[in-house]
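Each chain, letter by letter, is given below.
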Amino acid sequence: MAERIISVICCVFCAIPFFIISRYDANSVTPITFWSGDNSLKKKVQNIPAYNKEMAALYRKCAWAILAASLVCLISPGAGVIFLCAESIVGIYIVYIHYKKILHKHSRKELK
């Protein structure tokens, strides 16, 4: 039972930063980055409020996916680890593809 509780706590602690980013950076005047701290986004993004709104929704989805993994960990720690690995490998790729679409949608015309 201890491994289930520890894995749920770890998943919740991993999801919290994503919720914080999605909540507090959605109305930011600077573009939300994709985990890299890309400082060139100010030059690339044309409509920062719309871009941040979509990026906040993407980060919120990531947080909910991690919380879903915590429920799987609560049921079965082994299945939870497999679920987290799948999220980490396939999920990050899917999130990156969505990020690129959002960036292309809101980028300046001369950069497209």
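Note on numbering: residues in each chain are counted from 1, in written sequence order. Reporting in this predicted model follows two pLDDT cut-offs: at least 70 for local features of residues, and 80 or more for side-chain atom pairs to be given and counted; totals over whole chains, interfaces and linings ignore these cut-offs and use all residues. Side-chain metrics in this entry use all non-hydrogen atoms of the structure; hydrogen atoms and water are not considered.

Caption draft 1: Examining the confidence of the model for the chain more closely. pLDDT gives the predictor's per-residue confidence on a scale running from 0 to 100. Chain-level statistics for the chain give a pLDDT mean of 88 and a share of 96% at 70 or above. For the purposes of this entry, the term helix denotes a DSSP run of H or I that reaches at least four residues, the term strand denotes a run of E that reaches at least two, and both are numbered from the N terminus. Put simply, helix α2 (residues 41–44) is where the chain has its lowest mean pLDDT, 82, and helix α3 (residues 48–75) is where it has its highest, 92.

Caption draft 2: Fine view of the nonpolar core. Only buried residues count toward a nonpolar core, which is a set of Ala, Val, Leu, Ile, Met, Phe, Trp, Tyr and Cys residues joined through side-chain atoms within 4.5 Å. Think of it in three bands: residues with accessible area under 20% of the maximum for their type are buried, residues over 50% are exposed, and the middle band is partly exposed, with areas taken using a 1.4 Å probe on protein chains only. Tyr51, Met55 and Tyr99 are the most contacted members of the largest nonpolar core, which has 24 residues in total. Mapped onto this core, the elements with two or more residues apiece are α1 (2–24), α3 and α4 (77–106). Should any heavy atoms of two residues lie within 4.5 Å, those residues are considered in contact. Ignoring sequence-local partners within four residues, the contact set of methionine 55 consists of Ile32, Thr33, Tyr99 and Ile102.

Caption draft 3: Focus on α1. Helix length check: α1 (23 residues) gives 33 Å between terminal C-alpha atoms against 33 Å at 1.5 Å per residue, within 8%. Ser7, Val8, Cys11, Ala15, Phe18 and Ser22 are the residues of α1 that are buried. Residues of α1 that are buried make contact with α3 and α4. The span you would expect from a helix comes to 1.5 Å times its residue count less one.

Caption draft 4: Region of the structure containing the packing of α3 against α4. Whenever a helix is involved, its axis is fitted only over the stretch in contact; in every case the axis is a line through C-alpha atoms, and angles between N-to-C directions fall within 0 to 180 degrees. Relative orientation of the contacting elements α3 and α4 amounts to 170°, with a least axis distance of 9 Å. Considered as vectors, α3 and α4 are oriented roughly antiparallel to each other. For this classification, Asp, Glu, Lys and Arg are treated as charged, while Ala, Val, Leu, Ile, Met, Phe, Trp, Tyr, Cys and Pro are nonpolar and the rest, including Gly, are polar. Here the residues of the contact of α3 with α4 are counted per class, giving 21 nonpolar, three polar and three charged. What sets the label is the angle itself: under 35 degrees gives roughly parallel, over 145 gives roughly antiparallel, 65 to 115 gives roughly perpendicular, and the rest give oblique.

Caption draft 5: Highlighting α4. With 30 residues, α4 extends 40 Å between its outermost C-alpha atoms, agreeing within 8% with the 44 Å of an ideal straight helix rising 1.5 Å per residue. Among all positions of α4, only Gly80, Glu87, Val95, Tyr99, Ile102, Leu103 and His106 are buried. Against α2 and α3 lie the buried residues of α4.

Caption draft 6: Expanded view of a nonpolar patch on the surface. A cluster of nonpolar side chains, Met1, Ile5, Ile9, Phe13, Ile16, Ile20 and Tyr24, forms an exposed patch at the surface whose accessible area comes to about 760 Å². Assignment of secondary structure puts isoleucine 5 in helix α1. A patch consists of residues exposed above 30% relative accessible area that lack any salt bridge, with like charges linked at up to 9 Å and nonpolar side chains (Val, Leu, Ile, Met, Phe, Trp, Tyr) linked at up to 5 Å. All accessible areas in this document rest on Shrake-Rupley with a 1.4 Å probe, and a residue is counted as covered only by the protein chains that are shown. Whenever Lys or Arg places a side-chain nitrogen within 4 Å of a carboxyl oxygen from Asp or Glu, that contact is recorded as a salt bridge.

Caption draft 7: Expanded view of the packing of aromatic side chains. Aromatic rings from Phe, Tyr and Trp, taking only the six-membered ring of Trp, are treated as a pair when their centres fall within 6.5 Å; an angle between ring planes under 30 degrees marks them as stacked, one over 60 as edge-to-face, and anything in between as tilted. Enumeration according to the criterion identifies five aromatic pairs in this entry. Look at phenylalanine 19 and tryptophan 64: their rings are 5.3 Å apart centre to centre, the planes differ by 85°, and that puts the pair in the edge-to-face class. One end of the pair, phenylalanine 19, is in helix α1; the other, tryptophan 64, is in helix α3, with 45 residues separating them in the sequence. Put simply, the rings of Phe34, Tyr96 and Tyr99 touch in pairs and so form one group of aromatic residues. The ring centre of tyrosine 24 lies 5.6 Å from the NZ or CZ of arginine 23, which sits over that ring. Note on criteria: charge over ring means Lys NZ or Arg CZ within 6 Å of the ring centre, with the direction from the centre no more than 35 degrees off the ring normal.

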